[in-house]
Amino acid sequence: MTIMAKILFITGPTASGKTGRAVDIARRIGAEIISADSRQIYRGMDLGTGKDLDEYGEIPYHLIDIAPAGYKYNLFEYLRDFDRARADIEHRGKMPVVCGGTGLYVESVLKGLHLPEVPANHSLRASLEGKTLDQLTEILAGMKCLHNTTDVDTAKRAIRAIEIATFYRDNPSAATAAAPDPLTDAVTIGIDIPREARRNRISSRLKARFDAGMIDEVRSLIDAGINPDDLIYYGLEYKFITLHVIGQISYREMFDNLEIAIHQFAKRQMTWFRGMERRGFPIHWLPWDLSDDDFAAEVMKLLSNASDA
């Protein structure tokens, strides 16, 4: 079977089994994996981000554990590092398999987006300091359409998003130079998991990660000198567990609120993917519970039918 596509994306909501699927496909076709997860970038943040590194076995992976915890990695850096990783993989005659559920990353790569580096605007940051998250969200909404809700997860994220939007407003030539060049050689697979099955997997996986020591992981990051506010910035597990570790919420509040937040996050992921389809990026949805052989057969069929045109 001749493979026409040059790059494969495997995406879907959290707890849908993306990593296992990507590793199995990579093993079958001799590919390497590029992560499209915005939090697996960070070293030491393992249980909370669901890296599941033991699943990879002998399969090489890229863009995991490339930045220290506490760092604020951004989309510009991801696109830069993605291009380098893809070139490296293809130089060795391998196919990249992109695996992850960060819709912004997946869509930006498929779109062929190129971004200039946006420098810090210290005077703007100073003028925004002290504003509430609601106020910052209102400011940002007046500057752009809020497709990416993670921009306003925290005040720090919102300020950075305003900083970037301000840069583009004040430097229109930068936006022109960054005109996208959509990929024409990609196949995107989505893991289709029913809502109730997804909720059950999220809940059972969350309990397993607490049993594996997720609270200790967060505590060790704080003990290593990571500012709690920087961990809260990452959201979800790191937000709620940090609030518990520093004594602001009880264990029960932490667990219940985190479980709710992850379910809401998965729902937002699906909203993003449906939006991608409306914006012209086709996703081939395959049932989450297909056997490995049946899943691989469907993927190979899609890869062989892909066109470079």
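Residues numbered from 1 in each chain as written. Predicted model: local features only at pLDDT ≥ 70, side-chain atom pairs only at ≥ 80, totals over all residues. Heavy atoms only, no water.

1. Section: the sheet that holds strand S7 (residues 186-192)
Spatially, the six strands line up as an open sheet ordered S4-S2-S6-S1-S7-S8, and their pairing is parallel. Bordering the open sheet on either side are strand S4 (61-62) and strand S8 (284-287), each of which pairs with just one other strand. Across four bridges, the pairing between S7 and S8 is parallel. By the bridge assignment, Ile191 is partnered in S8 with Leu286. Seen against the sheet, helix H1 (residues 18-29) touches strand S1 (7-11), strand S2 (32-35), strand S6 (96-99), S7 and S8 and runs at an angle of roughly 155 degrees to S1. (Pairing = 2+ DSSP bridges. Helix = DSSP H or I, 4+ residues; strand = E, 2+ residues; numbered from the N terminus. Contact = heavy atoms within 4.5 Å. Axes fitted to C-alpha atoms, helices over the stretch in contact; angles between N-to-C directions.)

2. Quick look at the packing of helix H11 (residues 236-245) against helix H12 (residues 251-278)
Between H11 and H12, the shortest axis-to-axis distance is 9 Å and the interhelical angle comes to 165 degrees. Regarding the angle of H11 to H12, the classification is roughly antiparallel. As H11 packs across H12, the resulting crossing turns out to be right-handed. Seen from H11, the contacting residues are Leu236, Glu237, Phe240, Ile241 and His244; seen from H12, they are Tyr251, Met254, Asn257, Leu258, Ala261, Ile262 and Phe265. Looking at the contact of H11 with H12, its residues break down into nine nonpolar, two polar and one charged. (Parallel < 35°, antiparallel > 145°, perpendicular 65-115°, else oblique. Left-handed = near helix turned anticlockwise from the far one by under 90°. Nonpolar A, V, L, I, M, F, W, Y, C, P; charged D, E, K, R; others polar.)

3. Focus: the nonpolar core
If you look at the biggest cluster of nonpolar residues, it comprises 56 residues, and the most contacted ones within it are Ile34, Tyr78, Phe82, Val98, Phe210, Leu231 and Met276. At the level of elements, S1, helix H2 (75-91), helix H3 (103-111), helix H8 (195-211), helix H9 (214-223), helix H10 (228-233), H11 and H12 are the ones that each hand at least two residues to this core. Considering every element that reaches this core, the biggest residue donor is H12, with 10 residues. Non-local contacts of Tyr78, meaning those with residues more than four positions away in its chain, are made with Ile34, Ser35, Ala36, Leu63, Tyr73, Val98, Tyr105 and Val109. (Core = buried A, V, L, I, M, F, W, Y, C linked by side-chain atoms within 4.5 Å. Buried < 20%, exposed > 50% of the residue type's maximum accessible area, 1.4 Å probe, protein only.)

4. Quick look at the pattern of salt bridges
Enumeration over the complete set of coordinates arrives at 24 salt bridges. Here Asp65 ties to Lys51 by a salt bridge, and the two come within 2.3 Å at their closest N and O atoms. In this pair, Asp65 sits in the loop between S4 and strand S5 (67-68) while Lys51 sits in the loop between strand S3 (42-43) and S4, placing the two residues 14 residues apart along the sequence. Note on Asp65: relative accessible area 25%, which makes it partly exposed. The network of salt bridges with shared partners includes Asp24, Arg28 and Asp293. (Salt bridge = Lys/Arg side-chain N within 4 Å of Asp/Glu carboxyl O.)

5. What to know about the environment of Phe281
Along the chain, the position of Phe281 falls in the loop between H12 and S8. A relative accessible area of 14% means that Phe281 is categorised as buried. Those residues in contact with Phe281, other than ones at most four positions away along the chain, are Glu107, Leu110, Lys111 and Met276.

6. A word on unusual backbone geometry
Residues other than glycine predominantly adopt negative phi, and peptide bonds predominantly adopt the trans conformation. With a phi angle near 50 degrees, Asp52 is a residue other than glycine that sits in the positive phi range. One can find Asp52 in the loop between S3 and S4. Notably, Leu236 is not glycine yet its phi reads approximately 45 degrees, a positive angle.

7. Looking at H11
Three- or four-residue spacings in an α-helix give side chains the same orientation, since the helix completes a turn every 3.6 residues. Here H11 lies mainly inside the structure; eight of its 10 residues are buried. For H11, the elements touching its buried residues are H8, H9, H10 and H12. Positive phi shows up at Gly247, right after H11, with a value of about 85 degrees.

8. Some points on the packing of aromatic side chains
Enumeration over the complete set of coordinates arrives at nine aromatic pairs. Aromatic side chains Tyr42 and Tyr234 sit 4.6 Å apart centroid to centroid with 45 degrees between the ring planes, which places their arrangement in the tilted category. Separated by 192 residues along the polypeptide, Tyr42 in strand S3 and Tyr234 in the loop between H10 and H11 bring together distant segments of the chain. Here Tyr42 falls in the buried class, since its relative accessible area comes to 2%. Centre to centre, the rings of Phe273 and Trp285 are 6.2 Å apart; their planes meet at 65 degrees, and the pair counts as edge-to-face. Of this pair, Phe273 sits in helix H12 while Trp285 sits in strand S8, and the two are 12 residues apart along the sequence. For the pair Phe273 and Trp285, one class covers both residues: buried. An aromatic cluster is defined as three or more aromatic residues linked by ring pairs; in this entry it consists of Tyr42, Tyr233 and Tyr234. Between Lys72 and the ring centre of Tyr233, over which it is positioned, the NZ or CZ distance is 4.8 Å. Between Arg279 and the ring centre of Trp272, over which it is positioned, the NZ or CZ distance is 5.6 Å. (Phe/Tyr/Trp six-rings, centres within 6.5 Å; stacked < 30°, edge-to-face > 60°. Lys NZ or Arg CZ within 6 Å of the ring centre and 35° of its normal.)

9. Overview of the environment of Arg209
Take Arg209: it is sitting in helix H8. Arg209 has contacts with Leu47, Gly50, Asp52 and Met214, leaving out every residue within four places of it along the chain.

10. A closer look at the environment of Ile193
Position of Ile193 relative to the elements: it lies in the loop between S7 and H8. Filtering out sequence-adjacent residues up to four positions away, Ile193 remains in contact with Pro13, Ala15, Ser16, Arg198, Arg201 and Trp288.

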